[in-house]
Amino acid sequence: MVTAPCLLASVVLLICAIARRAKHWKASSTRWIIVDGSNVMHWCDGSPQIETVKETVNQISGLGYTPGVVFDANAGYLLSGRYQHNGAFAKFLGIPEERVMVVPKGTPADPAILAAARDLGAQIVTNDRFRDWADQYPEVHRPGYLIRGGYRSGELWLDVPDPAGSVNKT
């Protein structure tokens, strides 16, 4: 009986936090891309590596986009055996803390990622298809909304459209 109200309260608080952060992010005319940090960190060889996220953030930045990164609460444990907060991830990634979000424990990152992307008019770098969220976020079916990536022959590739509109298979 207590679980459902607590879950609902957590989701409401998370949405409020996302809205505050998105308002801060939206303050400029920047072209945003949201990075699903917990998904991307597994791209290189299946084991979690923060360097993979950093390389992805750098590549996105190099194409003229501004990355925002969202992690599941357990990302720090997977990477270093202990909790890592927004600031710790931001420092390693070399981006402002305001552009990193670690969702609260027990809350999935997917709705935070999708809400931030919607609020910012951004695309999402992930190999997740967000099937469980497609009814609430039908934009996940729009071509180019979800940007796939990974490693081929040790090199990062992303299907990121350049700001002019064509796709860079970098």
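All values reported here derive from a predicted model rather than from experimental measurement.

Here is what the cut-offs are and how they apply
Residues numbered from 1 in each chain as written. Predicted model: local features only at pLDDT ≥ 70, side-chain atom pairs only at ≥ 80, totals over all residues. Heavy atoms only, no water. Phe/Tyr/Trp six-rings, centres within 6.5 Å; stacked < 30°, edge-to-face > 60°. Helix = DSSP H or I, 4+ residues; strand = E, 2+ residues; numbered from the N terminus. Buried < 20%, exposed > 50% of the residue type's maximum accessible area, 1.4 Å probe, protein only. Lys NZ or Arg CZ within 6 Å of the ring centre and 35° of its normal. Pairing = 2+ DSSP bridges. Contact = heavy atoms within 4.5 Å. Axes fitted to C-alpha atoms, helices over the stretch in contact; angles between N-to-C directions. Lys, Arg positive; Asp, Glu negative; His and termini not counted. Salt bridge = Lys/Arg side-chain N within 4 Å of Asp/Glu carboxyl O. Left-handed = near helix turned anticlockwise from the far one by under 90°. Nonpolar A, V, L, I, M, F, W, Y, C, P; charged D, E, K, R; others polar.

A. Examining the packing of aromatic side chains more closely. Scanning the entire structure with this criterion turns up one aromatic pair. Centroid distance Phe 71 to Phe 89: 4.0 Å. Interplanar angle 15°. Geometry classified as stacked. Of this pair, Phe 71 sits in strand S2 (residues 66-71) while Phe 89 sits in helix H5 (residues 86-93), and the two are 18 residues apart along the sequence. Of the two residues, Phe 71 and Phe 89, neither departs from the other in class, the shared state being buried. The lysine or arginine in question, Lys 54, covers the ring of Phe 92, its NZ or CZ lying 4.9 Å from the ring centre.

B. Local environment of the sheet that holds strand S5 (residues 146-147). With parallel pairing, five strands are arranged side by side in an open sheet as S3-S2-S1-S4-S5. Since the sheet does not close on itself, it has two edges, and those belong to strand S3 (100-102) and S5, each with one partner. Here five bridges tie strand S1 (residues 32-36) to S2, and the two strands are oriented parallel to one another. Of the residues in S2, the one forming a bridge with Ile 34 is Gly 68. Here helix H6 (residues 110-120) sits on the sheet and contacts S1, S2, S3 and strand S4 (123-125); the angle it forms with S1, its principal contact strand, is near 175°.

C. Geometry of the side chain of Asp 110. Along the chain, Asp 110 turns up in helix H6. Buried charge without a partner: Asp 110 forms no salt bridge, and the closest opposite charge is Arg 131, 10 Å away.

D. Local environment of the packing of helix H3 (residues 50-62) against H5. The geometry of H3 relative to H5 is characterised by a closest axis approach of 9 Å and an angle of 65° between their N-to-C directions. The handedness of the crossing between H3 and H5 comes out as right-handed. Contacts between H3 and H5 involve Ile 50, Glu 51, Val 53, Lys 54 and Val 57 from the former and Phe 89, Phe 92 and Leu 93 from the latter. For the contact of H3 with H5, the residue count by class is six nonpolar, no polar and two charged.

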